[in-house]
Amino acid sequence: SAVISQKPSRDICQRGTSLTIQCQVDSQVTMMFWYRQQPGQSLTLIATANQGSEATYESGFVIDKFPISRPNLTFSTLTVSNMSPEDSSIYLCSVGGTGSEQFFGPGTRLTVL
Amino acid sequence: AQRVTQPEKLLSVFKGAPVELKCNYSYSGSPELFWYVQYSRQRLQLLLRHISRESIKGFTADLNKGETSFHLKKPFAQEEDSAMYYCALSGPRGSTLGRLYFGRGTQLTVWP
């Protein structure tokens, strides 16, 4: 399985600011995914990011709020824009495996004051 | 619509007791089912996939298409099994762009 790292591991941000989360993979992967895990809740898919194409967002998530970049096959970023306390969450990136499984990064714990 | 239901948010057993974490799903087709586990302060990791029909750390899970269930079982729970367990579903490779649908998770606590 791929080795996935995320930066930052955690951050505390002020309302109205933006934070960019980086996801790095040690091998080339076609599909990368971004999830949100709010306190006490399950994982919710934000978007799918494939290299060379626009990210595909799930219902309830929009590009203006969560812009995503996928410049190459080993890297992606998710920006959480104009943050509010409701954006406090753990943000996870994942990559597809050889089948339908996914492998996850360690997550970024975001707190918005 | 795709849905994964884990009816128990919390589950506690004593060490050595059998444990079963329930998972039911709805999917119009032939899904792939997975169990993921998240130990304290660790990342989410793949535990089992139904197509492999494997036993990992003593855990097994059988896909029951008639009951649309994929329950996770272990005959003798250990304290180190204490973790959050998520059941997840995917459509066949290529059919749903690889996305996973997760249940809400079951926090398993194994008491000494």
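Everything that follows concerns the structure shown earlier in this document.
Residues numbered from 1 in each chain as written. Chains lettered and ligands numbered in written order. Predicted model: local features only at pLDDT ≥ 70, side-chain atom pairs only at ≥ 80, totals over all residues. Heavy atoms only, no water.

Visitor: Help me out: how do you make sense of the overall build of chain A in this one?
Guide: When helices and strands are tallied, chain A shows zero helices and 11 strands. Traced from its N-terminal end to its C-terminal end, chain A shows the element sequence β-β-β-β-β-β-β-β-β-β-β. Against the 2.2 N^0.38 benchmark of 13 Å for 113 residues, chain A shows a C-alpha radius of gyration of 13 Å, consistent with a compact globule. Summarising its shape, the C-alpha atoms of chain A cover approximately 40 × 25 × 20 Å along the three principal directions. Partitioning the contacts of chain A with sequence separation of at least 6, the portion at a separation of at least 24 is 51%. Carbon and sulfur atoms make up 48% of the accessible area of chain A, which amounts to about 5300 Å² in all. Put simply, chain A has 7 plus and 8 minus side-chain charges, and the middle of one group is 8 Å from the middle of the other. (Helix = DSSP H or I, 4+ residues; strand = E, 2+ residues; numbered from the N terminus. Rg over C-alpha atoms; globule rule 2.2 N^0.38 Å. Contact = heavy atoms within 4.5 Å. Areas by Shrake-Rupley, 256 points an atom, 1.4 Å probe, with all protein chains shown as cover. Lys, Arg positive; Asp, Glu negative; His and termini not counted. Charge placed at Lys NZ, Arg CZ, Asp CG, Glu CD.)

Visitor: Hey, could you run me through the side chain of S76 of chain A in this one?
Guide: All names here are of chain A. Structurally, S76 is set in strand 8 (residues 75-80). In terms of polar contacts, S76 uses its side chain to reach the side chain of W34, at 3.1 Å. There is a polar contact of 2.8 Å between the side chain of S76 and the backbone oxygen of S69. Discounting residues that sit within four places of it in the chain, S76 has contacts with I21, Q22, C23, M32, W34, A49, I68, S69 and R70. (Polar contact = N/O pair within 3.5 Å; in protein donor to acceptor, adjacent residues only side chain to side chain.)

Visitor: For this particular structure, what's the right way to read the nonpolar core?
Guide: In a soluble, globular protein the nonpolar side chains are often hidden away together inside. In terms of nonpolar packing, the biggest core is built from 41 residues, with Y35 of chain A together with Y36 and F102 of chain B touching the most fellow members. Among residues more than four places away in sequence, those in contact with F102 of chain B are Y35, S42, L43 and F104 of chain A together with V4, Y36, L44, Y86, C87 and A88 of chain B. Among the nonpolar cores identified, the runner-up in size contains 26 residues, and L33, W35, F59 and Y85 of chain B belong to it. (Core = buried A, V, L, I, M, F, W, Y, C linked by side-chain atoms within 4.5 Å. Buried < 20%, exposed > 50% of the residue type's maximum accessible area, 1.4 Å probe, protein only.)

Visitor: Just checking my understanding: could you explain the interface of chain A and chain B for this structure?
Guide: A common way to express how large an interface is: the accessible area buried when the components associate. Each partner contributes to the interface: chain A provides 21 residues, whereas chain B provides 21 residues. Buried surface at the junction of chain A and chain B, summed over both partners, amounts to about 1600 Å²; 49% is from carbon and sulfur atoms. Seen at the junction of chain A and chain B, the total is two salt bridges. Ionic pairing is found between R49 of chain B and E101 of chain A, a salt bridge with its closest N-O pair at 3.3 Å. Run the count over chain A and chain B and you get seven residue pairs in polar contact (both at pLDDT 80 or more). At the level of secondary structure, the elements contributing two or more residues to the side of chain A that touches chain B comprise strand 4 (31-37), strand 5 (43-50) and strand 10 (102-104) of chain A. (Buried area = accessible area lost by both parts, 1.4 Å probe. Salt bridge = Lys/Arg side-chain N within 4 Å of Asp/Glu carboxyl O.)

Visitor: Looking at this model, I keep getting lost on the state of the cysteines. Mind explaining?
Guide: All names here are of chain A. If you walk through the whole model with that rule in mind, you get two disulfides over all chains. Here C23 is linked by a disulfide to C93, with a sulfur-sulfur distance of 2.0 Å. An S-S torsion of about 70 degrees defines the bridge between C23 and C93 as right-handed. With C23 in strand 3 (residues 19-25) and C93 in strand 9 (residues 89-96), the pair connects residues that are 70 residues apart, well separated along the chain. (Disulfide = S-S within 2.5 Å.)

Visitor: I keep staring at the pairing of strand 4 of chain A and nothing clicks. Help me out?
Guide: All names here are of chain A. Within strand 4, six of the seven residues are buried, which leaves the element mostly enclosed by the surrounding structure. Pairing of strand 4 with strand 5 involves seven bridges; the strand directions are antiparallel. Its bridge partner being in strand 5, R36 is matched across the sheet by T44. Bridge count for strand 4 against strand 9 is six bridges, and the pairing is antiparallel. Note on strand 9: the bridge partner recorded for R36 is Y91. (Pairing = 2+ DSSP bridges.)

Visitor: Teacher, can you tell me more about the packing of aromatic side chains here?
Guide: Each aromatic ring pair is characterised by the separation of its centres together with the angle its planes make. In total, this model carries 10 aromatic pairs over all chains according to the counting rule given. Centroid distance F104 of chain A to F102 of chain B: 5.9 Å. Interplanar angle 75 degrees. Geometry classified as edge-to-face. With F104 of chain A in strand 10 and F102 of chain B in strand 10 (residues 100-102), the pair connects residues from two separate chains. Classification of F104 of chain A by relative accessible area gives buried; the value is 3%. (Phe/Tyr/Trp six-rings, centres within 6.5 Å; stacked < 30°, edge-to-face > 60°.)

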